[in-house]
Amino acid sequence: MNFFKKYKQQFYFHILLNVIVGFFITLSSYYHIPLSGFKDYSIYFIHFLLLQFSFFGILYFISVNKYVFYSLFPLLFTILSFFGFYKYTLDLSITKSMVESIFQTSLLVTVELITLPFVGFILFIGLVLFLIFKQYRKIKINQLKSPLTLLAILGVATYFFVENYRYNTFKSRLPYVAFNSFIEFFQEDDIHLLPIDTKVTSDVNDVNFVFILGESVRADHIQLNGYSRNTSPKLSQRANIISYPNIYTSLTYTVASVKQLLTNQSIDDVVKSNNVFSLFSVLNAVNYKTSWIGNSTIVKSYAPIIRSNQNVQLIDKFRSIMSFNKALDEKMLQPFDSILKTKKNQFITLHMVGSHWWYENRYSSEFRKFTPVIDSKHIPSLAPQQIINSYDNTLLYLDNFIDTVISSVEKTHTKSIVMYVSDHGEILGEEGKWLHAQESEASKNPAMIVWYSDEFKSSYPELVLALEDNKNKQFSTDFFYHSILDLFRVQNFEYDKNKSVFRKN
Ligand SMILES: [Zn+2]
């Protein structure tokens, strides 16, 4: 009896602390996850409890010393509660971009933030902190000697166990995602872009190029490549369209494949060098106007490459690809149309969220043609056909997206190419696996589709012939960088013409 009496106040304090922190912060990461059925809810509730248990360990050690606790906890709790508040209300994830904007926001804007609801929230947080401190003062024992210390060590260890078992399980959620975003903000970029020699020139300066960088689209689910379902109703009605069914990449992670696509790096490089040429740097040097419009998350492995565009516009940049309220890719079309009108010699990239999981958030309801669709984020409780239906609906959305881009380009009556390349494929049940970023041949065959304008064909008939001729050949995704430089006939700069799809080999 004495044992419990001795530690009673300490137990009460940690229960109170974790209930409050759990409610204000940790639970917010689960609020927007679509789930269906008791089993799904139970699994994610256990997930939440484990995440909170790991954070209990950290909070415990902060609470051991009262000076540390009184100075550190209010700051930590207030900041994390704000992130929790935005996660609950707007599904805003804390990303490096968000941390950047916090640091860039001038004092004036900060003052404008002080609205009545904001003041109310601050007062509420103050009240909650008062309650926590009141209970904290009742602890009269040396906490380190308490049996709870062992539990706290186990809590901290849980974080490492789980992250080791499945990377990003805890790291991508509050509270940890906040720490990681701050760390990322202060970290150096992964890659260093090499400067381009001023002697570089180009012999072609009258072509507009629109590059649609796709996400998680596998070639064999495209109707143009012979898929049994009509996933490309619009593109299959078009002239001047070529689909390439045999593109290969060994890089099935966005962070690796996007970096490789946009630089001179090869999928065959045994050691992936961090000193690379950005395709955009070369294009800038030969007087192409480079623009990047992105709806996907920017990660540091390729952030400097994106920044090597002359014009960068990010859509919905505070919501990561993990958010369930992420903007649809069609949000890129309006800025795209206004850029397209401005000038010739353009190289415009549209970076899609595409067919990234969770598929139901990637398309609008008019494209919900294949049913039933997925209704839970928990894959084991879904029927395989539900997942494939939702995935194929994202391809209908893609078909419409590419078709709309082509229509805009068509109206300019310029010598133009629209090229769609997905960063990698997707696993749809092969060997019992789903999604990507794991070892499977199914995710190594990304979709690639090219459209050329009549004006382009008249001026460069031999290039169109080469495009047709190469249709069924196997290319690694290395083709992209070398094909672009070959198309623009870049001189005094090294690249491999044998990898170009604009050349008959
Ligand atoms: Zn990807």
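So, how was this worked out
- Residues numbered from 1 in each chain as written.
- Predicted model: local features only at pLDDT ≥ 70, side-chain atom pairs only at ≥ 80, totals over all residues.
- Heavy atoms only, no water.
- Helix = DSSP H or I, 4+ residues; strand = E, 2+ residues; numbered from the N terminus.
- Donors = N, O, S within 2.8 Å, 3.2 Å for Na, K, Ca; no water.
- Buried < 20%, exposed > 50% of the residue type's maximum accessible area, 1.4 Å probe, protein only.
- Salt bridge = Lys/Arg side-chain N within 4 Å of Asp/Glu carboxyl O.
- Patch = residues over 30% accessible without salt bridge, like charges linked within 9 Å, V, L, I, M, F, W, Y side chains within 5 Å.
- Areas by Shrake-Rupley, 256 points an atom, 1.4 Å probe, with all protein chains shown as cover.
- Lys, Arg positive; Asp, Glu negative; His and termini not counted.
- Charge placed at Lys NZ, Arg CZ, Asp CG, Glu CD.
- Domains from an automatic or database assignment.
- Contact = heavy atoms within 4.5 Å.
- Buried area = accessible area lost by both parts, 1.4 Å probe.
- Polar contact = N/O pair within 3.5 Å; in protein donor to acceptor, adjacent residues only side chain to side chain.
- Nonpolar A, V, L, I, M, F, W, Y, C, P; charged D, E, K, R; others polar.

Draft legend 1. Broad picture of unusual backbone geometry. In this chain, Trp 357 is followed by Trp 358 through a cis amide linkage whose omega measures 15°. Note on placement: Trp 358 falls in the loop between β9 (346-351) and α13 (384-411). With omega at 0°, the peptide bond leading from Thr 371 into Pro 372 counts as cis. Within the secondary structure, Pro 372 sits in the loop between β9 and α13.

Draft legend 2. Seen up close, the coordination of the zinc ion. Of the protein atoms, only Glu 215 (OE), Glu 215 (OE), Thr 254 (OG1), Asp 423 (OD) and His 424 (NE2) coordinate the zinc ion, at distances of 1.9 to 2.6 Å. Read from N- to C-terminus, the donor residues coordinating the zinc ion fall into the pattern E-x38-T-x168-D-H. Of this pair, Glu 215 sits in the loop between β3 (207-214) and β4 (241-243) while Asp 423 sits in the loop between β10 (415-422) and β11 (427-428), placing them 208 residues apart in sequence. As far as burial versus exposure is concerned, Glu 215 and Asp 423 are alike and both buried.

Draft legend 3. Structural detail: the pattern of salt bridges. Evaluated as defined, the whole model comprises 16 salt bridges. One salt bridge in this structure joins Glu 430 and Arg 218, with 2.8 Å as the shortest N-O distance. Taken together, the residues Glu 430 in the loop between β11 and β12 (434-435) and Arg 218 in the loop between β3 and β4 connect sequence positions 212 residues apart. Overlapping salt bridges bring together Arg 218, Asp 220 and Glu 430 as one network.

Draft legend 4. Main features of a positive patch on the surface. Taken together, the side chains of Lys 134, Arg 137, Lys 138 and Lys 140 define a basic patch exposed on the protein surface. Checked against the element boundaries, Lys 138 lands in the loop between α6 (116-136) and α7 (148-165). We classify Lys 138 as partly exposed; its relative accessible area is 39%.

Draft legend 5. Quick look at the domain arrangement of the protein chain. One can read the domain layout of the protein chain as domain 1 (2-186) and domain 2 (208-499). Using only C-alpha atoms to locate each centre, domain 1 and domain 2 end up separated by 38 Å. Of the residues lining the interface, 19 residues belong to domain 1; the matching set on domain 2 comes to 14 residues. Roughly 1600 Å² of surface becomes buried between domain 1 and domain 2 when both sides are summed, with 54% attributable to carbon and sulfur atoms. Our count for the contact surface shared by domain 1 and domain 2 stands at zero salt bridges. The tally of links from domain 1 across to domain 2 stands at four residue pairs in polar contact (both at pLDDT 80 or more). Elements that contribute at least two residues to the side of domain 1 that touches domain 2 include exactly α2 (38-63) and α4 (96-104). Top element by residues in the side of domain 1 that touches domain 2 is α4. It accounts for four residues. In terms of residue class, the side of domain 1 that touches domain 2 is made up of eight nonpolar, six polar and five charged.

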